[in-house]
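For reference, the chains in residue letters:
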Amino acid sequence: MSTAPDPLAAAAGTQDLAARFTHEFGSAPAGIWQAPGRVNLIGEHTDYNDGFVLPFAIDRTARVAVGVRSDSTARLLSTYGDQGIVTTTLDSLEPGAAKGWTKYPLGVIWALRRRGIDVPGIDLLLDSNVPLGAGLSSSHAIECAVITALNELTGAGLEAQEMVLATQQAENDFVGAPTGIMDQSASLRGSQGHAVFLDCRDQTARLVPFETEPAGLVLLVIDTKVSHSHSDGGYASRRASCELGAQVLGVKALRDVQVGDLEEASGLLDEVTFRRVRHVVTENDRVLQTVELLAEQGPSAIGHLLDASHASMRDDFEISCPELDLAVDTSRASGALGARMTGGGFGGAAIALTPAGSEQKVRDAVVQAFARAGFTAPDIFTVSPAAGATRIA
Ligand code: GLA
């Protein structure tokens, strides 16, 4: 059964959020903004190598009701967790000082202020149905909802591209996760029925039609419940290996290495760095092939590329885990056309491109396989490409 949000329930939810805001903060919000999480269809750990990615915004969003204050205090509350209202003064914001989910809105305010944008004090109520820690970019969804709200409320007039860079700075320097630009780009630039084909070198984006339903397919997300954080060492160490590889090969970034260069590269790099490099180089190639195949033959033609991407992340980049491998292998064995882990890795979610007629079989098989292996039961749901960040009330 799909757990995609029902639009009517979402509208009612918007009124509830406004009412809750008014109850908590004593006056109505100036508006409500939302931004989606993302699934990366293909192109993993390529963004910070100046490469190609193909994510899409999903139909699960973070929503923020925001009111402007006359001082420089932020009062922040979320509908989940037990932190209560967190109050802080914006003049003393510093990287490392914020805790929990408040890092994300405060990081955005900090990054905007560093750009000379005069962000006033705010009251903010957050609600989100993007699963936390599942590799679907719940944190970027919050950041993108907040920056879309503040861009409008301050009249800053930032273009999508500048918002992408500001949220990246929030994430890198305030939150402390050395991530690239993929997730924000999908959340801010996504469009219903499309994936976002992003060239991370010149940061140009092209919308690529990607619809599963007309092709008789569903895209299943299998949240393994193994949570991860990109502030932990794994992500940074992969990034460091890529930088080392580029340096030894004498290129600006691994984007500049082609599949045909790999043989020569193997003689120049140590064994582990070579495998890290091979993942990035072949993954860039798979993104380009995916874009081509989607245009020529549609989504049912890309399964083998998803499989190859997973194998590369498991064996060369070594960012998978037993739960992700089991989700991928079981999906494939029970009818999916292709499957791979999605996102930064070390936990989170896998995606399985599945004929609609095999959906239940895949779901059942994965649930049973997890039970047999003694893993925590996964959460399985469908997603489809949805619109990017916007004001909803
Ligand atoms: C995380 C980061 C992205 C990207 C992916 C891996 O989601 O936020 O910038 O590097 O990992 O593809």
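What you see is a predicted model; the values in this text were computed from it and never measured.

## Considerations on helix α11 (residues 359-373)
Since the α-helix turns once every 3.6 residues, residues separated by three or four places project in the same direction.
Okay, so step 1: Spanning 15 residues, α11 covers 21 Å between terminal C-alpha atoms, matching the ideal 21 Å at 1.5 Å per step.
Okay, so step 2: Those residues of α11 lying buried are Glu-359, Val-362, Arg-363, Ala-365, Val-366, Ala-369 and Phe-370. Along the axis of α11, the buried positions cluster into a sector of 170 degrees, meaning they face one direction only. Among the exposed residues of α11, those oriented more than 90 degrees off its buried face are Lys-361, Ala-371 and Arg-372.
Okay, so step 3: Positive phi appears at Gly-374, one or two residues downstream of α11, with a value of about 80 degrees.

## Digging into the pairing of strand β5 (residues 122-128)
Okay, so step 1: Among the seven residues in β5, seven count as buried, and that is most of the element.
Okay, so step 2: Going residue by residue along β5, you find Ile-122, Leu-124, Leu-126 and Ser-128 tucked away on one face and Asp-123, Leu-125 and Asp-127 tucked away on the opposite face as well.
Okay, so step 3: Sheet topology places strand β2 (residues 52-68) next to β5; seven bridges connect them, and they run antiparallel. Across the sheet, Val-66 pairs through a bridge with Leu-124, a residue of β5.
Okay, so step 4: Here strand β3 (residues 73-78) pairs with β5 via five bridges, running parallel. By the bridge assignment for β5, Leu-76 is matched with Leu-124.

## As for the packing of helix α6 (residues 233-249) against helix α8 (residues 271-297)
Helix packing geometry: the angle between the two helix axes and the distance between the axes.
Okay, so step 1: Where α6 meets α8, the closest approach of the two axes is 9 Å, and the angle between their N-to-C directions is 95 degrees. Judged by the inter-axis angle, α6 sits roughly perpendicular to α8. Residues Arg-238, Ser-241, Cys-242, Leu-244, Gly-245 and Leu-249 of α6 form the contact with α8, whose participating residues are Thr-273, Arg-276, Val-277 and Val-280.
Okay, so step 2: When grouped by side-chain class, the residues that make up the contact of α6 with α8 number five nonpolar, three polar and two charged.

## Description of the pairing of strand β10 (residues 349-355)
Okay, so step 1: Within β10, six of the seven residues are buried, leaving the element largely enclosed by the surrounding structure.
Okay, so step 2: The pairing of strand β8 (residues 217-223) with β10 spans seven bridges and is antiparallel. Within β10, the residue paired with Ile-222 across the bridge is Ala-350.
Okay, so step 3: Bridge count between strand β9 (residues 338-342) and β10: five bridges; the pairing is antiparallel. Within the sheet, the bridge partner assigned to Gly-338 lies in β10 and is Leu-353.
Okay, so step 4: Remark: six residues form the turn of the hairpin made by β9 and β10, two consecutive strands paired antiparallel; Gly-343 in that turn has positive phi of roughly 95 degrees.

Calculation rules
Residues numbered from 1 in each chain as written. Predicted model: local features only at pLDDT ≥ 70, side-chain atom pairs only at ≥ 80, totals over all residues. Heavy atoms only, no water. Helix = DSSP H or I, 4+ residues; strand = E, 2+ residues; numbered from the N terminus. Expected span 1.5 Å × (residues − 1). Buried < 20%, exposed > 50% of the residue type's maximum accessible area, 1.4 Å probe, protein only. Arc of directions from axis to C-beta. Pairing = 2+ DSSP bridges. Axes fitted to C-alpha atoms, helices over the stretch in contact; angles between N-to-C directions. Parallel < 35°, antiparallel > 145°, perpendicular 65-115°, else oblique. Contact = heavy atoms within 4.5 Å. Nonpolar A, V, L, I, M, F, W, Y, C, P; charged D, E, K, R; others polar.

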